[in-house]
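Okay, here's what each chain looks like letter by letter:
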Amino acid sequence: MPRPGRVPPTLEAVAAHAGVSRATVSRVVNGTPGVRPELRERVRRSVAALGYVPNSAARSLVTRRTGAVAVVIAEPDTRVFADPFFAQQLRGIGHRLAAEDTQLLLMLLEGRDDYDRIDRYLSGGHVDGALMFSLHADDPLPAMAAASGLPTVFGGRPGWAAAAGEPGPLYVDTDNRDGARQAVRHLLAGGRRRIAVITGPLDQTSAADRLDGYLEALGLAEPEPALLARGDFTAAGGERAMAELLARSPGPDAVFAGNDLMASGALRTLRARGLRVPEDVAVVGYDDLEPAAWSDPPLTTVRQDVRHMGELMAELLLRRLGLAEGPLAPVVTPARLVVRAST
């Protein structure tokens, strides 16, 4: 950072310090592709050493870019700030964008009126692209992104009505079906036979795919009604769903919950009813975020690398914007069962 009273360094000064042309410095500063990695790194070191700060207004005129990306989460703040999943995803996104000197603008949905606000913002030229996740089947956000012409990457497999006719939307997801299959097969291998499932909202593809994986592992076409309870990906939802399952007879001897928060709620209900985990009821979650290892007992769960998935979303968008190189294709990351004391 320039010292007070010091004349700010110029583009020419950075070029002389780095031993490259002014044009090369301009391309690096403006994020233009076509500069060899070693030269790009040399310029960045000189920028840091001299404390050069680009004029953002001038840069926007040259590049027609704002240097900002909208991250749109189709959930209210009460959900986003209570679920460590979103914190990890945002950490990954922010880390990757910061490496390209790109800012993150967070937008949340409190109600239907917020769609108009977000639509105006996305179509108003305020950001270079958008990252969207936690979408529901009837969500208008994908259509808004398409109408605005903004490059967009989605978190989660597309499941909205128009997705089938779109030319390959970019997205990052984990193999939700396989993760659920691993969880249920582990319970079967442990001798469990009445395996219940607590699902997330089934208008989200992650919840629907995990339910499908559960059914595939059990060899069923449809879930047994007595062993199905719907949650909402929250701990309170898991508590309510577990109470519903225990009210039915006979009760389950194992539960696969669609995320760790619902699993933690299920553990709370089981403990309140005097049932032992895993002796009476085994419990498996999904996500393997830090609280899973802290639960009582520590939770068996399916690990998805949420922070890395955020980094991948940002990486795909940077490639679409020409700020990074690499293939442009959807990414599905592997899921892995992590066995702890709850089973």
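Scroll up to find the structure.
A few points on the structure. Numbering of residues starts from 1 in each chain and follows the order in which that chain's sequence is written. The predicted nature of this model means local features are confined to residues of pLDDT at least 70 and side-chain atom pairs, given and counted, to a pLDDT of 80 or more, with totals for whole chains, interfaces and linings taken over all residues. Processing note: side-chain calculations cover all non-hydrogen atoms of the structure and skip hydrogens and water entirely.

### Here's the deal with the nonpolar core
Part 1 of the argument: Each nonpolar core is a collection of buried residues, namely Ala, Val, Leu, Ile, Met, Phe, Trp, Tyr and Cys, held together in the definition by side-chain atoms within 4.5 Å. The classification of residues rests on relative accessible area computed with a 1.4 Å probe and restricted to protein chains. Under 20% of the type maximum is buried, over 50% is exposed, and intermediate values are partly exposed. In terms of nonpolar packing, the biggest core is built from 40 residues, with Ile198, Tyr214, Leu245, Val255, Phe256 and Val283 touching the most fellow members.
Part 2 of the argument: Secondary structure elements are defined from DSSP: runs of H or I of at least 4 residues count as helices, runs of E of at least 2 residues count as strands, and each element is numbered from the N terminus. Within the residue set of this core, elements represented by two or more residues are α9 (176-189), β6 (195-199), α10 (205-218), β7 (228-230), α11 (235-247), β8 (254-257), α12 (260-272) and β9 (282-287).
Part 3 of the argument: Apart from residues lying up to four places away in sequence, Leu245 is in contact with Ala196, Ile198, Ala226, Leu227, Leu228, Ala229, Gly251, Pro252 and Val255.
Part 4 of the argument: Listed in part, the 27 residues of the second largest apolar core include Leu97, Leu170, Leu312 and Leu317. Here, residues are in contact when the closest pair of their heavy atoms is within 4.5 Å.

### Comments concerning the packing of helix α6 (residues 84-98) against helix α14 (residues 306-320)
Part 1 of the argument: Each axis is a line fitted through C-alpha atoms, taken for helices only over the stretch in contact, and angles between the N-to-C directions span 0 to 180 degrees. Between α6 and α14, the shortest axis-to-axis distance is 7 Å and the interhelical angle comes to 40 degrees. On the basis of their axis angle, the class for α6 and α14 is oblique. The two elements α6 and α14 meet at a crossing, and its hand is right-handed. Here Phe85, Gln88, Gln89, Arg91, Gly92, Ile93, His95, Arg96 and Leu97 of α6 lie close against α14, whose contacting residues are Val306, Arg307, Met309, Gly310, Glu311, Met313, Ala314, Glu315 and Leu318. Note on angle classes: values under 35 degrees are labelled roughly parallel, values over 145 roughly antiparallel, values of 65 to 115 roughly perpendicular, and the remainder oblique. Less than a right angle of anticlockwise turn of the near helix away from the far helix marks a crossing as left-handed, whereas a clockwise turn marks it as right-handed.

### Some remarks on the side chain of Arg96
Part 1 of the argument: Position of Arg96 relative to the elements: it lies in helix α6.
Part 2 of the argument: Using a relative accessible area of 16% as the deciding quantity, one classes Arg96 as buried.
Part 3 of the argument: Every residue in contact with Arg96, bar those within four places of it in the chain, is listed here: Glu311, Ala314, Glu315, Leu318 and Ala324.

### Some points on the pattern of salt bridges
Part 1 of the argument: Here, a salt bridge means any Lys or Arg side-chain nitrogen found within 4 Å of an Asp or Glu carboxyl oxygen. Applying the stated criterion across every chain yields a total of 23 salt bridges.
Part 2 of the argument: Arg177 is paired through a salt bridge with Asp212; the nearest N and O atoms lie 3.0 Å apart. Of the two residues, Arg177 sits in helix α9 while Asp212 sits in helix α10, which places them 35 residues apart along the sequence.
Part 3 of the argument: Asp212 sits in the partly exposed class, given a relative accessible area of 26%.
Part 4 of the argument: With a closest N to O distance of 3.9 Å, Glu311 and Arg307 form a salt bridge. Within this pair, Glu311 and its partner Arg307 are both found in helix α14, separated by four residues, close to a single helical turn.
Part 5 of the argument: Assessed through its relative accessible area of 21%, Glu311 is described here as partly exposed.
Part 6 of the argument: Among the charged side chains, a network of salt bridges with common partners joins Arg44, Arg96, Glu100, Glu315 and Arg319.

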